Amino acid sequence: MATALLTLVGKPGCHLCDDARDLVGSVVTKLADDPSAPDIVLEERSILDDAELHALYVEDIPVLLLNGKVHNYWRIDPLRLRTALLAVR
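So, here's what we can say about the structure. (Residues numbered from 1 in each chain as written. Predicted model: local features only at pLDDT ≥ 70, side-chain atom pairs only at ≥ 80, totals over all residues. Heavy atoms only, no water.)

1. Details of unusual backbone geometry
For residues that are not glycine, phi is negative in most cases, and the peptide bond is trans in most cases.
And then number 1: In this model, Ile61 is joined to Pro62 through a cis peptide bond whose omega is 0 degrees.
And then number 2: By the element assignment, Pro62 lies in the loop between helix 2 (51-57) and strand 3 (63-66).
And then number 3: Phi at Asn67 takes a positive value of approximately 50 degrees, unusual for a residue other than glycine. (Helix = DSSP H or I, 4+ residues; strand = E, 2+ residues; numbered from the N terminus.)

2. Some thoughts on the pattern of salt bridges
And then number 1: Tallying each qualifying case throughout the model produces 4 salt bridges.
And then number 2: Put simply, Asp50 and Arg45 hold a salt bridge, and the shortest N to O gap is 2.5 Å.
And then number 3: Judged by its relative accessible area of 36%, Arg45 falls in the partly exposed class.
And then number 4: Because the salt bridges share partners, they merge into one network encompassing Asp18, Arg21 and Glu44. (Salt bridge = Lys/Arg side-chain N within 4 Å of Asp/Glu carboxyl O. Buried < 20%, exposed > 50% of the residue type's maximum accessible area, 1.4 Å probe, protein only.)

Have a look at this one:
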């Protein structure tokens, strides 16, 4: 089975990051019982703890990476995320 690594890049106190966390969590939960979905690993990273992430994304958080590539930033579209996850092979 394929694995999808979702990395949510943000920082504490960011309301858009909080919204993105909730939305991504909801999409992942809904896909948990879908046999066509890949195994999904979700991690969070803070730009305050990583100078490289800070330099790359300070103006764009929250940023959602899918298998290391930028999937979306600022506002996450749940349908687009679901579609991208189901396409992971």
